[in-house]
Amino acid sequence: QVHLVESGGGLVQAGGSLRLSCAASGRTFSGLAMGWFRQAPGKEREFVAAISRSGGSTGYADSVKGRFTISRDNAKNTVYLQMNSLKPEDTAVYYCGADTDRYYSGSNVYNYKYWGQGTQVTVSS
């Protein structure tokens, strides 16, 4: 079992920044491919960013490319999402996911077996 806990969400004005964290426990963190997804009210969960086990490979949704950066610290069992130049359309609950089977899990939500409880990000205009 993998236990994930997100933190760092909040209310921010458009153009501002937030850094989300996701702390993992229960498995060797370097053996987990990680991803960030988000879900707005009435919408499906959508891919935001993904990172490989080593951190050497990353991927982003077109909507966040150039504004968001995913990173990980395997010594701290934590994956981060740095979000800059936030827009009102970034408002959503942000979830981190973990995959034990693949080196890199990409944008497919079904690749991720474990999920955190989510953290709310609200961007005001």
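Reading the values: rules and limits
- Residues numbered from 1 in each chain as written.
- Predicted model: local features only at pLDDT ≥ 70, side-chain atom pairs only at ≥ 80, totals over all residues.
- Heavy atoms only, no water.
- Phe/Tyr/Trp six-rings, centres within 6.5 Å; stacked < 30°, edge-to-face > 60°.
- Helix = DSSP H or I, 4+ residues; strand = E, 2+ residues; numbered from the N terminus.
- Buried < 20%, exposed > 50% of the residue type's maximum accessible area, 1.4 Å probe, protein only.
- Lys NZ or Arg CZ within 6 Å of the ring centre and 35° of its normal.

A. Here's a closer look at the packing of aromatic side chains. Following the criterion strictly, the structure yields four aromatic pairs and no others. Plain terms: the ring middles of Phe37 and Phe47 are 5.6 Å apart, the flat faces sit at 70° to each other, and that makes the pair edge-to-face. Of this pair, Phe37 sits in strand 4 (residues 33–39) while Phe47 sits in strand 5 (residues 46–51), placing them 10 residues apart in sequence. The residues Phe37 and Phe47 share a single accessibility class, namely buried. Between the aromatic rings of Phe37 and Trp115, the centroid separation amounts to 5.2 Å while the plane-to-plane angle is 75°, which identifies the pairing as edge-to-face. One end of the pair, Phe37, is in strand 4; the other, Trp115, is in strand 10 (residues 114–115), with 78 residues separating them in the sequence. The exposure class of Phe37 is buried, given its relative accessible area of 1%. On the basis of relative accessible area, Trp115 is assigned to the partly exposed category, the value being 26%. Through a chain of ring-to-ring contacts, the aromatic side chains of Phe37, Phe47, Tyr112 and Trp115 assemble into a single cluster. A cation over a ring is seen here: Arg45 above Tyr95, with NZ or CZ 3.7 Å from the ring centre. Here the guanidinium or amino end of Arg72 rests over the ring plane of Phe29, the centre of that ring lying 4.4 Å away.

Honestly, it's all geometry; don't read function into it.
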